[in-house]
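# Summary of structural features
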Protein chains: 2
Amino acid sequence: MNSRTAPRPGVPAKRARNAADTKAAILQAAVTAFTQHGYDGVGVREIAQAAGVTAMLVNRYFGSKEGLFAQTVDAAFAPRTVVGEDPRTLSSATAATLVARTAPDAEHLDPFLLMLRSVPNPRAAEIVRAGIERHVGAHLAARLNGADTGERAELALALIAGTWLMRTVIGTDALREATPTLLTDQLQAMLDVVIDHRDEPTGSRVRRARTDPRA
Amino acid sequence: MNSRTAPRPGVPAKRARNAADTKAAILQAAVTAFTQHGYDGVGVREIAQAAGVTAMLVNRYFGSKEGLFAQTVDAAFAPRTVVGEDPRTLSSATAATLVARTAPDAEHLDPFLLMLRSVPNPRAAEIVRAGIERHVGAHLAARLNGADTGERAELALALIAGTWLMRTVIGTDALREATPTLLTDQLQAMLDVVIDHRDEPTGSRVRRARTDPRA
DNA sequence: GTCTATAAATGGATAGAC
DNA sequence: GTCTATCCATTTATAGAC
């Protein structure tokens with residue numbers, strides 16, 4: 001009965017003049033643009049144009065570029081991209097997914113790229129910190145056994161982020177040309193150092209004997 | 001005999017009007033500024049002011065902002081910061097140095113920060129790629145035994161870069177508040193997955209048996 | 001609900017004086 | 001060897017029309 005669905009006669013049907021749809025279109029364009037170029041690397045004009053609107057509407061619906069970025073981070077980190085659900089196959093599935101998604105010819109639209117490319121801006125870094133801790137960090141830590149789950153989860157994230165960085169953003173030769181199965185094995189073994197504590201029940205403070213390297 | 005060393009009378013002695021000294025001062029200011037704010041986050045004016053000159057001289061001596069950045073990357077990656085020299089203590093010394101240098105109250109001037117904060121700009125990323133491959137990557141790979149040294153070296157660099165990212169640039173809680181000795185042990189164990197192949201002489205194609213995770 | 005037009009600031013790079 | 005002054009492009013954000 002209202003004018004939300006059907007465009008009024010006389011209005012060109014470029015897109016419905018609907019606030020919710022417009023907002024969603026802007027957010028979708030923002031995810032793509034911020035992921036590809038980072039917070040400082042893209043202007044509000046660019047995002048607005050990709051969404052088919054003008055820059056003014058971005059500020060109208062999101063308050064500012066920073067407000068848009070905050071909602072973009074939330075939307076980008078909500079779906080699971082690399083870290084899986086099943087605790088038993090956590091390291092293997094994560095390693096395999098990571099290698100597949102960071103392949104040189106893959107699509108390369110991932111919240112880790114949004115993080116890596118937006119982090120030089122201190123305000124964007126703080127927004128990203130809150131987002132990754134709340135979404136991915138908590139998700140992964142909850143699936144770990146043993147002690148220090150928070151720290152170990154973030155060490156795993158450090159390796160994942162570093163792999164994204166070196167393999168796709170920087171694009172170093174050896175990692176780009178690496179055999180996928182070999183790379184997956186090595187990443188899984190590195191992840192298992194902090195993930196695979198299946199004999200240590202949660203809450204246990206017992207840690208493996210430390211082999212002092214300086215002896 | 002020439003006017004290179006002694007300032008001419010009447011010229012205020014703010015600094016010798018010497019091309020080499022001025023160029024060095026600009027380069028030093030560029031290392032600091034680019035490391036703290038990244039390639040896109042700092043202007044030529046800012047760097048020039050920190051060096052006590054005007055922006056014009058930067059373009060005069062380095063051609064462009066991009067030319068200045070290339071020489072900055074070379075100067076920043078030349079000294080060893082985290083990866084040590086002795087192959088036998090590679091993982092332990094690297095882990096200990098990394099934890100110390102990424103401590104929340106540390107100084108935080110490191111080529112890895114220069115990389116992390118400059119990488120959103122594609123041209124800067126390419127310059128950084130060449131620099132880190134030539135300096136740190138080759139240095140580390142040359143100290144590894146066994147096969148796939150290039151790939152394993154870059155996986156170690158991925159973990160190092162990711163640790164810098166999460167612990168200092170992003171600043172996640174669990175890694176900031178982690179016990180240094182515990183963090184060092186875990187990082188060393190992760191590094192040893194790709195570094196410690198002492199029973200496999202260089203050139204050996206024998207690899208450890210793969211435990212299939214999907215079974 | 002969305003537009004055009006513009007304000008106010010900042011970016012890299014250059015011309016020409018001294 | 002170094003400066004002042006300026007060009008031109010681009011940015012975020014806002015004012016006001018329709």
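Residues numbered from 1 in each chain as written. Chains lettered and ligands numbered in written order. Predicted model: local features only at pLDDT ≥ 70, side-chain atom pairs only at ≥ 80, totals over all residues. Heavy atoms only, no water.

## What to know about the packing of helix α5 (residues 90-101) of chain A against helix α8 (residues 149-170) of chain A
All names here are of chain A. Applied cut-off: As a rule, the C-alpha atoms of each element are fitted with a line to give its axis, helices using only the stretch in contact, and angles between N-to-C directions run from 0 to 180 degrees. Helix and strand labels come from DSSP, where a helix needs a run of H or I of at least four residues and a strand needs a run of E of at least two; each type is numbered from the N terminus. Here the angle decides the label: under 35 degrees means roughly parallel, over 145 means roughly antiparallel, 65 to 115 means roughly perpendicular, and every other value means oblique. In this scheme, a crossing is called left-handed if the near helix is turned counterclockwise away from the far one by less than a right angle; it is called right-handed if the turn is clockwise. The contact definition used throughout considers only heavy atoms, calling two residues in contact when any of these lie within 4.5 Å.
At a minimum axis distance of 10 Å, the contact between α5 and α8 shows a crossing angle of 20 degrees. Here α5 lies roughly parallel to α8, going by the angle between them. Like other packed secondary-structure pairs, α5 and α8 cross with a definite hand, here right-handed. Across the interface between the two elements, Thr94, Leu98, Val99 and Arg101 from α5 touch Ile160, Thr163, Trp164 and Arg167 from α8.

## Remarks on the protein's contact with DNA strand D
Filter applied, for reference: Only heavy atoms are used to decide nearness, and a residue is near a molecule or strand if one of them lies within 4 Å of it. The term polar contact refers here to a pair of N or O atoms within 3.5 Å; inside protein, the definition further demands a hydrogen-donor-capable atom paired with an acceptor-capable atom, and it admits residues adjacent in sequence only when both atoms are side-chain atoms. Gly counts as polar in this scheme, as do all residues outside two lists: the nonpolar Ala, Val, Leu, Ile, Met, Phe, Trp, Tyr, Cys and Pro, and the charged Asp, Glu, Lys and Arg.
Arg45 of chain A together with Thr22, Met56, Arg60 and Tyr61 of chain B are the nearest of the 21 residues found near DNA strand D. Valine 44 of chain A has a polar backbone atom sitting 3.0 Å from a phosphate oxygen of DNA strand D. Threonine 22 of chain B is positioned with one of its side-chain polar atoms (N or O) 2.9 Å from a phosphate oxygen of DNA strand D. Those elements giving two or more residues to the surface near DNA strand D turn out to be α2 (44-51) and α3 (55-62) of chain A together with α1 (19-37) and α3 (55-62) of chain B. In terms of residue count, the dominant contributor to the surface near DNA strand D is α3 of chain B (four residues). By residue class, the composition of the surface near DNA strand D is nine nonpolar, six polar and six charged.

## Structural notes on the relation of the copies chain B and chain A
Applied cut-off: The copies were overlaid by least squares, fitting only the C-alpha atoms of residues that reach a pLDDT of 70 or more in each copy.
Between chain B and chain A, the superposition needs a rotation of 180 degrees and an axial shift of 0.0 Å, giving an RMSD of 0.0 Å. Viewed as a symmetry operation, the transformation between the two copies matches a two-fold axis. When the interface residues of chain B are mapped onto chain A, 100% of them are again interface residues, pointing to one common binding face.

## Concerning the interface of chain B and chain A
Test applied: The term buried area means the drop in 1.4 Å probe accessible area that two parts suffer when joined, counted for both and summed. The term salt bridge refers to a pairing of a side-chain nitrogen on Lys or Arg with a carboxyl oxygen on Asp or Glu at a separation within 4 Å.
Listed as interface residues are 51 residues of chain B and, on the opposing side, 51 residues of chain A. With both sides pooled, the region where chain B packs onto chain A buries about 4400 Å², and carbon together with sulfur makes up 69% of that total. Sorting the residues of chain B by area buried against chain A places Glu151, Ile170 and Met190 of chain B first, and these three jointly supply 14% of that buried surface. Run the count over chain B and chain A and you get zero salt bridges. If you look at where chain B meets chain A, you find eight residue pairs in polar contact (both at pLDDT 80 or more). Counting residues per element, the ones that place at least two in the side of chain B that touches chain A are α5 (90-101), α6 (111-118), α7 (122-141), α8 (149-170), α9 (173-176) and α10 (180-195) of chain B.

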